[in-house]
Amino acid sequence: MRSCLQPPSLRLLLLLLAGGAHTVGALPRLCDVLRILREDRDQCLQGLAKQRTGDLGREQPAPGCAGLWDNMSCWPSSALGQTVEVECPRFIWMLTGRNGSMFRNCTQGGWSETFPRPDLACGVNVNESTNKANEKRHKYLLKLKVMYTVGYSSSLVMLLVALSILCAFRRLHCTRNYIHMHLFVSFILRALSIFIKDAVLYSSDDGFQCDTHRVGCKLVMVFFQYCIVANYAWLLVEGLYLHTLLVISFFSERKCLQGCVAFGWGSPAIFVASWAMTRHFVEDVGCWDINANASVWWVIRGPVSLSILINFILFINILRILMRKLRTQETRGNEAKQYKHLAKSTLLLIPLFGVHYIVFAFSPEDAMEIQLFFELALGSFQGLVVAVLYCFLNGEVQLEVQKKWRQWHLHELPLRPVALSSSFSNGTSGLTHGTTVSPSEPGRGTCRASVI
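Overview of the structure. (Residues numbered from 1 in each chain as written. Predicted model: local features only at pLDDT ≥ 70, side-chain atom pairs only at ≥ 80, totals over all residues. Heavy atoms only, no water.)

Let's talk about the overall build of the chain
Here is step 1: Assigned secondary structure in the chain consists of 14 helices and five strands.
Here is step 2: Relative to its 452 residues, the chain shows a buried fraction of 43%.
Here is step 3: Long-range pairs, those at least 24 residues apart, make up 71% of the contacts in the chain between residues at least 6 apart in sequence.
Here is step 4: Taken as a whole, the chain presents about 24,200 Å² of accessible surface, with 62% of it coming from carbon and sulfur. (Helix = DSSP H or I, 4+ residues; strand = E, 2+ residues; numbered from the N terminus. Buried < 20%, exposed > 50% of the residue type's maximum accessible area, 1.4 Å probe, protein only. Contact = heavy atoms within 4.5 Å. Areas by Shrake-Rupley, 256 points an atom, 1.4 Å probe, with all protein chains shown as cover.)

Here it is in structure tokens:
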């Protein structure tokens, strides 16, 4: 049966309705719409066949207008002079969340035209102005994809380098840096999951390939959601740990780290598994990349929004504690220095806590385009900023890298036929003396030099 909606029209409609997808960055695919249309068509044709033959297989009297599948909606058989009402097609409701009704009259000449037009009845006004708006939005989305691809790629490279540095130097192995390393891993997984999702979902919109790798596609979405939730969980762990350092004087760092690891990687698994099971039994539609059922989507969105809110509260409270400590430690004449230190601490904490997410955590769907830019284009560079601030610009890391470079440099010097001058020898001894660690000093002492 030939569809009245050809792929170009569907692509246009999907672009118009992309804002209905609750998952940030997950645009509706043509495959999902074609699959729903096929399901509705098969269900309609089966129902119309039963109407014609009856339960006992006896032919029923022909009604005024026979049942009809018009490639979008199913119209039951009707007597002459009747007006039949049907709901908007299911695929439009899935994308927009809006419902409406369409009508046809059964006349002597058969079914009348649908009124009002499907696009008007269902809240989709596809006209010339809409086409221009869609073309503009399509260009915007392409630019957005380029931006977040560059952002996640650069973040991925810098995070891998930063993670290698923290793992390589034993003197940097402490609870605080262990938590930083887990956060780096969560950012790495987030970037990889987005690249994998884009490759699987949006590499092709060919309708003839819609039924291939359906289970694998759902597994990719489960992995993607887990990486996203795990990243938010580790941002919350960073906030909780720093708040604990400032509020509690003595606590077991070993137990604290074990609890952080269990929470950071375990709690996302619970929420994502709950979402996957709920999605399977309640909304098993397409590749699970479109979230039409708000109640199902809140199984994941709820914990994420709560973690953002808690981190924002911790952020405000930490700034309050820092301000109070600065006032007690500094004299009144150094207020400018106090505010400078506080501003520096604030800027350092914003990317670490993900405070910027609070802006759109509870925003309406009308702000979807702004939210996409804020969370994808700008948020994709968060991993890069965190790696730079908490590894490459970290004084402890710089000190360890400099010491390693000096050791390597001194090890290479005897191989060169160059005599050392007395002044150079004195300078070297001074450097080595400044970086010597006493046997009684624990290897983790460097890590505890600063909190922020």
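Examining the state of the cysteines
Linking two cysteines covalently via their sulfur atoms produces the bond known as a disulfide.
Here is step 1: All told, the structure shown has three disulfides when counted by the stated rule.
Here is step 2: At a sulfur-sulfur separation of 2.0 Å, the disulfide partner of Cys44 is Cys74. One disulfide, between Cys44 and Cys74, carries an S-S torsion of 75° and so falls in the right-handed class. Taken as a pair, Cys44 in helix H2 (residues 30–53) and Cys74 in strand S2 (residues 74–75) lie far apart in primary sequence, 30 residues in all.
Here is step 3: We classify Cys74 as partly exposed; its relative accessible area is 29%.
Here is step 4: One disulfide bridge connects Cys217 with Cys287, the sulfur atoms lying 1.5 Å from each other. Looking down the S-S bond of the Cys217 and Cys287 bridge, the torsion is -110°, so its handedness is left-handed. Of this pair, Cys217 sits in helix H7 (residues 214–247) while Cys287 is found in the loop between helix H8 (253–282) and helix H9 (294–329), placing the two residues 70 residues apart along the sequence.
Here is step 5: With a relative accessible area of 6%, Cys217 lands in the buried category. (Disulfide = S-S within 2.5 Å.)

Details of the sheet that holds strand S4 (residues 101–107)
Here is step 1: Spatially, three strands are ordered S3-S4-S5 in an open sheet, and the strand pairing comes out antiparallel. Either end of the sheet is taken by a strand with one partner, and the two such strands are strand S3 (83–87) and strand S5 (110–111). (Pairing = 2+ DSSP bridges.)

Let's talk about the packing of H7 against H8
Here is step 1: At a minimum axis distance of 9 Å, the contact between H7 and H8 shows a crossing angle of 150°. Here H8 runs roughly antiparallel to H7, going by the angle between their axes. At the point where H7 passes H8, the crossing takes the right-handed sense.
Here is step 2: Taken together, the residues of the contact of H7 with H8 break down into 19 nonpolar, three polar and one charged. (Axes fitted to C-alpha atoms, helices over the stretch in contact; angles between N-to-C directions. Parallel < 35°, antiparallel > 145°, perpendicular 65-115°, else oblique. Left-handed = near helix turned anticlockwise from the far one by under 90°. Nonpolar A, V, L, I, M, F, W, Y, C, P; charged D, E, K, R; others polar.)

Section: unusual backbone geometry
If a residue is not glycine, its phi is most likely negative; likewise, a peptide bond is most likely trans.
Here is step 1: Residue Pro116 follows Phe115 across a cis peptide bond; omega there is -15°.
Here is step 2: Mapped onto the fold, Pro116 is located in the loop between S5 and helix H4 (118–121).
Here is step 3: In this structure, Asn71 takes a positive phi of about 75° despite not being glycine.
Here is step 4: One can find Asn71 in the loop between strand S1 (68–69) and S2.

What to know about the pairing of S3
Here is step 1: Burial along S3 is one-sided: Val84 and Val86 are buried, and none of Thr83, Glu85 and Glu87, which face the opposite way, are.
Here is step 2: Sheet topology places S3 next to S4; five bridges connect them, and they run antiparallel. The residue bridging Val86 from the neighbouring strand is Met102, located in S4.

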